[in-house]
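# Analysis of the macromolecular model
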Amino acid sequence: MDASSKPTCRIVKPGSTYDGKQGLSYFEGIAAETVGSQGICMHLLTIPPGARAKAHLHQSHETAIYMLSGSAHTWYGDRLEHHVAVHAGELFYIPAGVPHLPANLSNTPCTAIIARTDPNEQESVVLLPELDALVEI
């Protein structure tokens, strides 16, 4: 391994965004695409008031969320039969392969830091359009 391919520490300033398959825009963060990470990605997500994601799961990858501001509602389970509200200062864990659908039901944006065990920004996202109509907002 030569010096140019040796892993090194990196700073990422979340300025650019990308549109996720889930229907929301994410601030670019730590990922294989940005820093060459091999086992983790971490992004900043702001959900506008009244917005929701598409029902989806992350195949074979866990998700950890820290709510920085506001609150988000998430429906989860095989038929999105469970519901939780995550508020600023709280952490939320989603096991690998669990269908979920987050939404911001408030009139103010909510912002969270999201980390997954998938180093790729979108590779493990599996859309579940057959579940979208189960959550009416």
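Residues numbered from 1 in each chain as written. Predicted model: local features only at pLDDT ≥ 70, side-chain atom pairs only at ≥ 80, totals over all residues. Heavy atoms only, no water.

Turning to the overall build of the protein, a few remarks are in order. A count of helices and strands for the protein gives two helices and eleven strands. Sequence-ordered secondary structure for the protein, helices as α and strands as β, is β-β-α-β-β-β-β-β-β-β-β-β-α. Relative to the compact-globule value of 14 Å for 137 residues, the protein shows a C-alpha radius of gyration of 15 Å, a close match. Dimensions of the protein, computed from the C-alpha atoms along their principal axes, are close to 55 × 30 × 25 Å. Considering the protein as a whole, with its 137 residues, one finds that 41% of them fall into the buried category. When contacts within the protein are restricted to residue pairs at least 6 apart in sequence, those whose partners lie at least 24 apart make up 70%. Carbon and sulfur atoms make up 56% of the accessible area of the protein, which totals about 7,600 Å². Of the charged side chains in the protein, 8 are positive and 14 negative; the average position of the first set lies 6 Å away from that of the second. (Helix = DSSP H or I, 4+ residues; strand = E, 2+ residues; numbered from the N terminus. Rg over C-alpha atoms; globule rule 2.2 N^0.38 Å. Buried < 20%, exposed > 50% of the residue type's maximum accessible area, 1.4 Å probe, protein only. Contact = heavy atoms within 4.5 Å. Areas by Shrake-Rupley, 256 points an atom, 1.4 Å probe, with all protein chains shown as cover. Lys, Arg positive; Asp, Glu negative; His and termini not counted. Charge placed at Lys NZ, Arg CZ, Asp CG, Glu CD.)

Take a nonpolar patch on the surface next. On the surface, a nonpolar cluster with roughly 450 Å² of combined accessible area is contributed by M42, Y66, L68, L91 and I113. For M42, the position within the fold is in strand 3 (residues 41–47). (Patch = residues over 30% accessible without salt bridge, like charges linked within 9 Å, V, L, I, M, F, W, Y side chains within 5 Å. Salt bridge = Lys/Arg side-chain N within 4 Å of Asp/Glu carboxyl O.)

On to the side chain of H43, then. Along the chain, H43 turns up in strand 3. Residue class for H43 comes out buried when judged on its relative accessible area of 4%. A polar contact is formed between the side chain of H43 and the backbone nitrogen of G29, at a distance of 3.3 Å. Each residue touching H43, except ones within four places of it in the same chain, is listed here: Y18, Y26, F27, E28, G29, I30, A31, A112, I113, I114 and E121. (Polar contact = N/O pair within 3.5 Å; in protein donor to acceptor, adjacent residues only side chain to side chain.)

To continue, consider the UniProt feature "domain: Cupin type-2" (unreviewed entry) in the protein. UniProt records the feature "domain: Cupin type-2" (unreviewed entry) for residues 44–113 in the present numbering. In the segment residues 44–113, helix accounts for 0% and strand for 54%; the C-alpha atoms at its two ends are 5 Å apart. (UniProt positions renumbered as here; feature names shortened; annotations may be inferred.)

What follows covers the sheet that holds strand 10 (residues 110–116). Taken together, six strands build an open sheet; the order of strands is 1-2-3-10-5-8 and the sheet is antiparallel. Only two strands of the sheet have a single neighbouring strand rather than two, namely strand 1 (17–19) and strand 8 (91–94). The mean angle between the axes of side-by-side strands here comes to 30°, regardless of whether they run parallel or antiparallel. Alignment of strand 1 against strand 2 (residues 25–30), held across three bridges, turns out to be antiparallel. The residue bridging T17 from the neighbouring strand is F27, located in strand 2. (Pairing = 2+ DSSP bridges. Axes fitted to C-alpha atoms, helices over the stretch in contact; angles between N-to-C directions.)

Moving on: the state of the cysteines. A complete count under the given rule lists zero disulfides for this structure. With no disulfide of its own, C41 lies 18 Å from the sulfur of C110, the closest cysteine sulfur. Under the relative-accessibility criterion, C41 is labelled buried at 1%. Exposure remark for C110: the relative accessible area of 2% places this residue in the buried category. (Disulfide = S-S within 2.5 Å.)

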